[in-house]
Amino acid sequence: MLKVCFSGPLKAAADGAASVLISAATIRELLRELVKQYPGMQNQLDDGIAVSVNGQIFRDKWSEEIPEGAEVFLLPRIQGG
Amino acid sequence: MANDTKFRNRKFKSVGTRPPRPDGLDKVTGRAKYGADTFAPGQLIGLVLRSPHAHAEIKRIDTSKAAKLNGVKAVITSEDLPDLTNGDRDLYDTLENCMARDRALYDGHAVAAVAAIDAPTARKALKLIRVTYKRLPHVTDVDDAMKPDAPLVQPRVYTRGVSPKPESPSNVAKVSEFGHGDVEAGFKAADVIVEKSYKTEQVHQGYIEPHACLASVGPDGHGELWVTTQGHFIYRNTCAALLGMEVAKLKVTSSEIGGGFGGKTHVWMEPVALALSRKANRPVKLEMTRDEVFRSTGPTSSTSIDIKIGVKKDGRITAATADLRYQDGAFPGIWAMLGAMTSYACYDLKNVKTVGYDVLVNRPKVTAYRAPSAPMAAFAVESTIDEVAAEIGMDPIDFRIKNAAKEGTKSSYGPTYGPIGIGPTLTAAKKHPHMRAKLGKNQGRGMACGFWFNFGGETCTDLNIGADGTVTLTVGTVDVGGARASLSLIAAEELGIPYERVKCNITDTASLGHNDMTDGSRGTFSSGMSTIFAARNAIEDLRQRAAATWEIPVKDVVWEDGKAIAKGKKYRKLKPLSLDDLAAASPNTGGPIAGHSQIVADGAGVSFASHICDIEVDPETSATKVVRYTVIQDAGKAVHPDYVEGQFQGGAAQGIGWALNEEYIYDRNGRLQNPGFLDYRVPVCSDLPFIDTQILEIPNPNHPYGIRGVGETSIVPPLAAIGNALSDVAGVRMTHVPMSPPRIRKAIKENQA
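Residues numbered from 1 in each chain as written. Chains lettered and ligands numbered in written order. Predicted model: local features only at pLDDT ≥ 70, side-chain atom pairs only at ≥ 80, totals over all residues. Heavy atoms only, no water.

Brief notes about the overall build of chain B
Right, on to step 1. Check the secondary structure of chain B and you find 20 helices and 27 strands.
Right, on to step 2. Relative to the 2.2 N^0.38 estimate, which gives 27 Å for 753 residues, the radius of gyration of chain B is 27 Å and therefore close to what a compact globule would have.
Right, on to step 3. Judged by the C-alpha coordinates and their principal axes, chain B covers about 90 × 75 × 55 Å.
Right, on to step 4. Every one of the 753 residues in chain B was classed for burial, and the buried ones make up 61%.
Right, on to step 5. When the accessible surface of chain B is summed, it comes to about 27800 Å², and 50% of that surface belongs to carbon and sulfur atoms.
Right, on to step 6. For chain B, the distance from the average position of its 90 positive side-chain charges to the average position of its 85 negative side-chain charges is 1 Å. (Helix = DSSP H or I, 4+ residues; strand = E, 2+ residues; numbered from the N terminus. Rg over C-alpha atoms; globule rule 2.2 N^0.38 Å. Buried < 20%, exposed > 50% of the residue type's maximum accessible area, 1.4 Å probe, protein only. Areas by Shrake-Rupley, 256 points an atom, 1.4 Å probe, with all protein chains shown as cover. Lys, Arg positive; Asp, Glu negative; His and termini not counted. Charge placed at Lys NZ, Arg CZ, Asp CG, Glu CD.)

Remarks on the overall build of chain A
Right, on to step 1. Looking only at helices and strands, one finds three helices and five strands in chain A.
Right, on to step 2. Helices and strands appear in chain A in the N-to-C order β-α-β-α-α-β-β-β.
Right, on to step 3. Taking the principal axes of its C-alpha atoms as reference, chain A extends roughly 30 × 30 × 20 Å.
Right, on to step 4. Across the 81 residues in chain A, those meeting the buried criterion constitute 51%.
Right, on to step 5. Of the accessible surface of chain A, which amounts to about 3500 Å², a share of 46% is contributed by carbon and sulfur atoms.
Right, on to step 6. Between the averaged position of the 8 positive side-chain charges in chain A and that of its 10 negative side-chain charges there is a distance of 2 Å.

Here's the deal with the nonpolar core
All names here are of chain B.
Right, on to step 1. In terms of nonpolar packing, the biggest core is built from 105 residues, with Tyr413 and Ile722 touching the most fellow members.
Right, on to step 2. It is helix 11 (residues 374–391) that provides the largest number of residues to this core, a total of 10 residues.
Right, on to step 3. Apart from residues no more than four positions distant in its own chain, isoleucine 722 is found in contact with Cys613, Ile615, Val626, Ile656, Ala659, Leu660 and Met739.
Right, on to step 4. Counting 48 residues, the second-largest nonpolar core is a separate cluster that includes Phe533, Ala534, Ile552 and Val639. (Core = buried A, V, L, I, M, F, W, Y, C linked by side-chain atoms within 4.5 Å. Contact = heavy atoms within 4.5 Å.)

A few points about the sheet that holds strand 12 (residues 284–287) of chain B
Residues and elements named next belong to chain B.
Right, on to step 1. Here we have seven strands laid out as an open sheet, ordered 3-5-1-12-9-10-11, and mixed in their pairing. In this open sheet, the two edge strands, each paired with only one partner strand, are strand 3 (72–76) and strand 11 (250–254). Each adjacent strand pair in this sheet contributes to an overall mean axis angle of 20 degrees, direction not counted.
Right, on to step 2. Bridging between strand 1 (residues 44–50) and strand 12 involves three bridges; their strand directions are parallel. (Pairing = 2+ DSSP bridges. Axes fitted to C-alpha atoms, helices over the stretch in contact; angles between N-to-C directions.)

Looking at helix 12 (residues 396–403) of chain B
Residues three or four positions apart in an α-helix share a direction because the helix packs 3.6 residues into each turn.
Residues and elements named next belong to chain B.
Right, on to step 1. Along helix 12, the residues that are buried comprise Ile397, Phe399, Arg400 and Asn403. Here the buried residues of helix 12 occupy an arc of 160 degrees about the axis, which is enough to place them on one side.
Right, on to step 2. The N-terminus of helix 12 is capped by aspartate 395, whose side-chain oxygen sits 2.9 Å from the backbone nitrogen of isoleucine 397. (Arc of directions from axis to C-beta. Polar contact = N/O pair within 3.5 Å; in protein donor to acceptor, adjacent residues only side chain to side chain.)

Side note on the sheet that holds strand 24 (residues 607–617) of chain B
All names here are of chain B.
Right, on to step 1. Reading across from one edge, 16-24-25-26 is the order of the four strands in this open sheet, with mixed pairing throughout. Bordering the open sheet on either side are strand 16 (443–452) and strand 26 (691–696), each of which pairs with just one other strand. The sheet shows a mean angle of 15 degrees between the axes of neighbouring strands, taken without regard to direction.
Right, on to step 2. Strand direction decides the pairing type here: strand 16 and strand 24, joined by 10 bridges, are antiparallel. By the bridge assignment, glycine 446 is partnered in strand 24 with cysteine 613.

What about unusual backbone geometry?
All names here are of chain B.
Right, on to step 1. Geometrically, the link from serine 163 to proline 164 is a cis peptide bond, its omega value of 0 degrees lying close to zero.
Right, on to step 2. For proline 164, the position within the fold is in the loop between helix 5 (142–145) and strand 7 (172–180).
Right, on to step 3. For the peptide bond that leads from valine 737 to proline 738, omega is 10 degrees, which places it in the cis range.
Right, on to step 4. Within the element layout of this structure, proline 738 appears in the loop between strand 27 (736–737) and helix 20 (741–752).

Describing the side chain of threonine 26 of chain A
Residues and elements named next belong to chain A.
Right, on to step 1. Inspection of the secondary structure assignment puts threonine 26 in the loop between strand 2 (19–22) and helix 2 (27–37).
Right, on to step 2. Of note is the side chain of threonine 26, whose polar atom sits 3.1 Å from the backbone nitrogen of glutamate 29.
Right, on to step 3. Apart from residues lying up to four places away in sequence, threonine 26 is in contact with Trp62, Ser63, Glu64, Glu65 and Ile66.

Describing the confidence of the model for chain A
Right, on to step 1. Averaged over every residue, the pLDDT of chain A is 90; residues scoring 70 or more account for 100%.
Right, on to step 2. Between the elements of chain A, mean pLDDT differs from a low of 82, seen in helix 1 (residues 9–13) of chain A, to a high of 94, seen in helix 2 of chain A. (pLDDT = per-residue confidence, 0-100.)

Considerations on the environment of aspartate 462 of chain B
Residue and element names in this part refer to chain B.
Right, on to step 1. Along the polypeptide, aspartate 462 turns up in strand 17 (residues 457–465).
Right, on to step 2. Along the chain, aspartate 462 and glutamate 620 lie 158 residues apart, while their C-alpha atoms are 60 Å from each other.
Right, on to step 3. A polar contact of 2.5 Å, which involves the side chain of aspartate 462, links it to the side chain of histidine 596.

Some details on the interface of chain A and chain B
Right, on to step 1. Of the residues lining the interface, 24 residues belong to chain A; the matching set on chain B comes to 41 residues.
Right, on to step 2. Both sides of the chain A and chain B interface together cover about 2400 Å² of buried area, and 57% of this is carbon and sulfur.
Right, on to step 3. Three residues stand out in chain A for area buried against chain B, namely Ile78, Gln79 and Gly81 of chain A, and they jointly supply 25% of the buried area on that side.
Right, on to step 4. For the pair chain A and chain B, the interface holds two salt bridges.
Right, on to step 5. For the salt bridge of aspartate 47 of chain A with arginine 89 of chain B, the shortest nitrogen-to-oxygen distance reads 2.9 Å.
Right, on to step 6. Here chain A is connected to chain B by 10 residue pairs in polar contact (both at pLDDT 80 or more).
Right, on to step 7. Listing elements by their share of the side of chain A that touches chain B, those giving two or more residues are helix 1, helix 3 (41–47), strand 4 (56–58) and strand 5 (72–76) of chain A. (Buried area = accessible area lost by both parts, 1.4 Å probe. Salt bridge = Lys/Arg side-chain N within 4 Å of Asp/Glu carboxyl O.)

Thoughts on the environment of lysine 11 of chain A
Residue and element names in this part refer to chain A.
Right, on to step 1. Tracing the sequence through the fold places lysine 11 in helix 1.
Right, on to step 2. Along the sequence, lysine 11 and glycine 55 sit 44 residues apart, while their C-alpha atoms lie 19 Å from each other.
Right, on to step 3. Among residues more than four places away in sequence, those in contact with lysine 11 are Phe6, Gly16, Ala17 and Ala18.

A look at the pairing of strand 3 (residues 49–53) of chain A
All names here are of chain A.
Right, on to step 1. Strand 3 sits mainly inside the fold: five of its five residues count as buried.
Right, on to step 2. Residue alternation in strand 3 divides its side chains into two sets, Ile49, Val51 and Val53 and Ala50 and Ser52, and both sets are buried.
Right, on to step 3. Pairing between strand 3 and strand 5: five bridges, direction antiparallel. By the bridge assignment for strand 5, alanine 50 is matched with leucine 75.
Right, on to step 4. Linking two consecutive strands that pair antiparallel, namely strand 3 and strand 4, is a turn of two residues; a positive phi of about 50 degrees is found at asparagine 54 within it.

Some details on the pairing of strand 24 of chain B
Each regular strand shows side chains that alternate between the opposite faces of the sheet.
Residue and element names in this part refer to chain B.
Right, on to step 1. Across the 11 residues that make up strand 24, a large majority, 10, are buried.
Right, on to step 2. Note that strand 24 and strand 25 (residues 624–634) share nine bridges and pair antiparallel. What sits directly across from alanine 609, in strand 25, is glutamine 633.

Concerning the side chain of aspartate 479 of chain B
Residue and element names in this part refer to chain B.
Right, on to step 1. Relative to the helices and strands, aspartate 479 is located in the loop between strand 18 (471–475) and helix 15 (483–495).
Right, on to step 2. Overall, aspartate 479 belongs to the buried group, its relative accessible area being 4%.
Right, on to step 3. A polar atom in the side chain of aspartate 479 sits 2.8 Å from the backbone nitrogen of alanine 483.
Right, on to step 4. Within the structure, the side chain of aspartate 479 is placed 2.7 Å from the side chain of arginine 484, a separation counted as a polar contact.
Right, on to step 5. Apart from the residues within four sequence positions on either side, aspartate 479 is in contact with Arg21, Asp23, Ile257, Arg484 and Ile506.

Focus: the packing of aromatic side chains
Right, on to step 1. Evaluation of the coordinates by the stated rule reveals 16 aromatic pairs over all chains.
Right, on to step 2. An angle of 70 degrees between the planes, with centres 4.9 Å apart, marks the rings of phenylalanine 12 of chain B and tyrosine 705 of chain B as edge-to-face. One end of the pair, phenylalanine 12 of chain B, is in the segment before helix 1 (24–29); the other, tyrosine 705 of chain B, is in the loop between strand 26 and helix 19 (718–730), and 693 residues separate them in sequence.
Right, on to step 3. Assessed through its relative accessible area of 1%, tyrosine 705 of chain B is described here as buried.
Right, on to step 4. Here the aromatic cluster, defined as three or more aromatic residues joined through ring pairs, consists of Tyr413, Tyr417, Phe451, Trp452, Phe453 and Phe608 of chain B.
Right, on to step 5. For arginine 59 of chain A, the ring lying beneath its charged end belongs to phenylalanine 455 of chain B, and the centroid distance is 3.8 Å.
Right, on to step 6. Residue placement shows lysine 308 of chain B over the ring face of phenylalanine 187 of chain B; its charged tip is 4.3 Å from the ring centre. (Phe/Tyr/Trp six-rings, centres within 6.5 Å; stacked < 30°, edge-to-face > 60°. Lys NZ or Arg CZ within 6 Å of the ring centre and 35° of its normal.)

Next up, the structure:
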């Protein structure tokens, strides 16, 4: 099981939870399970999110494998200049 | 190995050198073609009619007289841009921003457009369009817009990020909270607490080249767009969606770009040009004036920020909070959220909480400006950090070093940091000769640090070997600051050939797979990674051809210094085959030699910088002059150090202008009063000292060469560095940016009183 932490507006989409336990081996699986648990999360996914795995931020590489016990943070997708 | 993104500590031959940029000659001789520099047979001139009101209901638009004017070929309103957005809120906002629908939401909002045979006819036609407005109450100040009785900018916007969902619409579009620990407990444990409030005014990216494009759409639904942009693939997708076109049938070519800094990551009048062309069945050229650039493209937010920092007497921060109110213009954005994420990113804090409020006002749609939202947050935090250090009698650099984030620190926005450069930049600042240099009369010194995330994204690259062994590198990320030179160096490094044998081109959307735009400091990071992989694919092809030529197993062939070499004593009579040899033989070894790469470049390393500033203040007029400035920043690996230094210097120059001079000034009717470079003053060469730079190289573990983006972070510290220098010389804490002479005089007088 992975402990997935939320920050910013994503916390509201998870009914105010700061974190949740999810069983997932990849980012794709993680996001699928999250939407199952919190259907409101789909709006956030549509807006764009990023996933931090052990401090490395993935915006698009949903095939990335998540090691057991990894620190996982869900962040809003950002824009740059 | 081919797509191995891990950093390998290799010795470089080409990377790290400083050859001339391939686009330099064209740019200094005027041959380079920018957005306004292309023409098409039969082209029309497009012009846009804009709202003179900050907020108004559009009761009626009568275009009949304009349409009948001789020489006018098309007149459009929002009716010619129907809503095809299918519930996509962001896309609908873009549509409404390109052309007002039932309401004009800011001074300068487009309401109609014409295409005519020449500019005088188009101007005459604009004057014949009759728009009946009903003026509505407006609001342009971020704090005023949050008041309960403020005019509502967008009745369809309900505050997001709060639970439960609000029952009524609000100008607060989003609330974003970040942090960890227990800030109340942290403040209780503090020996000293400092609270300060700050305001920063709205500024524009100030790129020299106004927006310009040439659009052509035929009756068959096929179209072309030549445009100045930071991301032509994104422009293609957005324009195609707004106009109901198929993506493959719209070819977008990016011109040379005369500056963008985030302002050219978004479409403004390009869909209008395409709609005019479609209606007129003729090419349409549309160029913005400077007035239009200021009034109707995307500046950055004005802000209002409250900071509270608690500290022990030994210099350890016990708690820190920030409430950040950023205006988004008339459409929801993420700008306060980014301020909340970046504000304390430089520090290792046990208890931290930041809350961002994205607020709608009757101003242009805010868009990114170089490390968007971070400079304002850094101004507030870094100014307060100096105040806190002074309160406990600690040197401000030592205070920052003591509290700096490091590898293993839980960042204020969530994740734990890997190897990062804030500590090293601060240490380098402390040791820098600038810090020990003697100050002159009426001069003061300040320093500040800053952070930006950086990111990667979708990237596609082709590498083709020519008949003579020269290399064509084809990329889809727009070159905003020397990327063609850097990417050519990377291709030369991988292939083991001279830099001069590589030609890098930025291609159009019809010739390469999708590329995200050049933003987030991703150009060299992402296309650099993709170039490495494309080159490695080409090398695999070259090894196979050498093996086939020699009729030996491919495993016995290595690629070294631009040559295929047969390894092993039994092959000692085989003369190495150079790239030129293999290229010349290619017709008989399988035809064209090429490498291709299509990747998602993730794993961009975060970036930190520390700046030192000396400023002189005229005691009579409070006029200021920056007399010395130093930028110290982590680049991961500087591929072409000249252009890394150029990014450092450019960001600092823009930050200095932001800190001292630049601001949008609205009158009481919500009309912008200074939409031109005479009244909105960006710094010119004579305003600035030589900006010294120091490149640190702390490798990004997620890039084969260790590259981090460098394009944005350098604009983050200047506002605070200058504020701290002013505090040093004038003895006052400036809390309102720009820190213009009248504001400095006022602060000094209030301090004396």
